Amino acid sequence: MSGPTHDRDTAVQTLCRDLKLPGVLRHYRNGIVPTDPKDYLRDSLEAERTSRREKRLKNLLKGARLPYARTLSEYDFLRLPSLPKEQILSLAQGDFLRRRENLVLLGNSGTGKTHVAIGVAASCIAAGCKIVVYPSVSVTPATCNAPEMLVLSSTTGAEWGTPSRTSGPGAYEVEVDA
């Protein structure tokens with residue numbers, strides 16, 4: 001196929017690739033053209049913004065090194081009644097990241113530390129925070145330097161303070177990736 005339509009399509013595709021506008025290109029390929037060119041421009045730009053948000057979220061999730069997908073809504077808080085549900089859910093808002101604090105989860109095997117860490121991390125990532133989740137065996141004093149942390153323990157409940165143990169099987173940390 002040749003002619004003005006083919007030339008225009010090729011030019012638009014080339015421009016979108018050169019300018020790195022995959023959302024605009026997908027919108028253009030949909031072929032829906034409103035009667036007002038300003039509406040089309042607005043819709044194209046909204047498609048590009050959505051495309052970039054999705055790509056950023058995908059890259060943030062990949063960079064966080066989460067071992068698998070979990071959400072806090074899937075966690076059974078009845079399993080460990082001493083775990084303060086409201087406090088865990090408030091962590092998912094990411095305020096501790098904005099204060100540049102770390103989160104260290106300590107407790108016995110099978111209490112859901114990994115699930116909570118991944119759930120908090122996924123919620124923070126969805127809000128646009130850039131984080132990394134480390135298994136505790138890889139945590140060193142250099143990566144665990146916050147003066148105050150929330151320590152969750154299956155035996156002591158939750159308390160603020162410096163943890164007495166920053167590594168060991170099953171403890172996870174969520175920290176700001178500077």
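Everything in this summary refers to the structure shown in the same document. None of these values were measured; they are calculated from a predicted model.

Reading the values: the criteria
- Residues numbered from 1 in each chain as written.
- Predicted model: local features only at pLDDT ≥ 70, side-chain atom pairs only at ≥ 80, totals over all residues.
- Heavy atoms only, no water.
- Helix = DSSP H or I, 4+ residues; strand = E, 2+ residues; numbered from the N terminus.
- Contact = heavy atoms within 4.5 Å.
- Core = buried A, V, L, I, M, F, W, Y, C linked by side-chain atoms within 4.5 Å.
- Buried < 20%, exposed > 50% of the residue type's maximum accessible area, 1.4 Å probe, protein only.

Along its length, the protein chain carries six helices and five strands. Ordering the α and β elements of the protein chain from the N terminus gives α-α-α-α-α-β-α-β-β-β-β. In the protein chain, 75% of the contacts between residues at least 6 apart in sequence involve partners at least 24 apart.

Okay, the nonpolar core next. Ranked by internal contacts, the top residues of the largest apolar core, which has 25 residues, are Leu 66, Leu 83, Ile 88, Phe 96, Val 116, Val 120 and Ile 131. At the level of elements, helix H3 (37-64), helix H4 (85-91), helix H5 (95-98), strand E1 (103-105), helix H6 (113-126) and strand E2 (131-135) are the ones that each hand at least two residues to this core. Among the elements that make up this core, the one with the highest residue count is H6 (seven residues). Discounting chain neighbours no more than four positions away, the residues touching Val 120 are Leu 72, Ile 88, Leu 91, Ala 92, Phe 96 and Leu 103.

All right, on to the environment of Tyr 75 then. Inspection of the secondary structure puts Tyr 75 in the loop between H3 and H4. For Tyr 75, a relative accessible area of 6% gives the class buried. In this structure, the C-alpha to C-alpha distance between Tyr 75 and Val 116, residues 41 residues apart in sequence, is 7.3 Å. Ignoring any residue separated from it by four or fewer positions in sequence, one finds Tyr 75 in contact with Leu 80, Leu 83, Thr 111, Gly 112, His 115 and Val 116.

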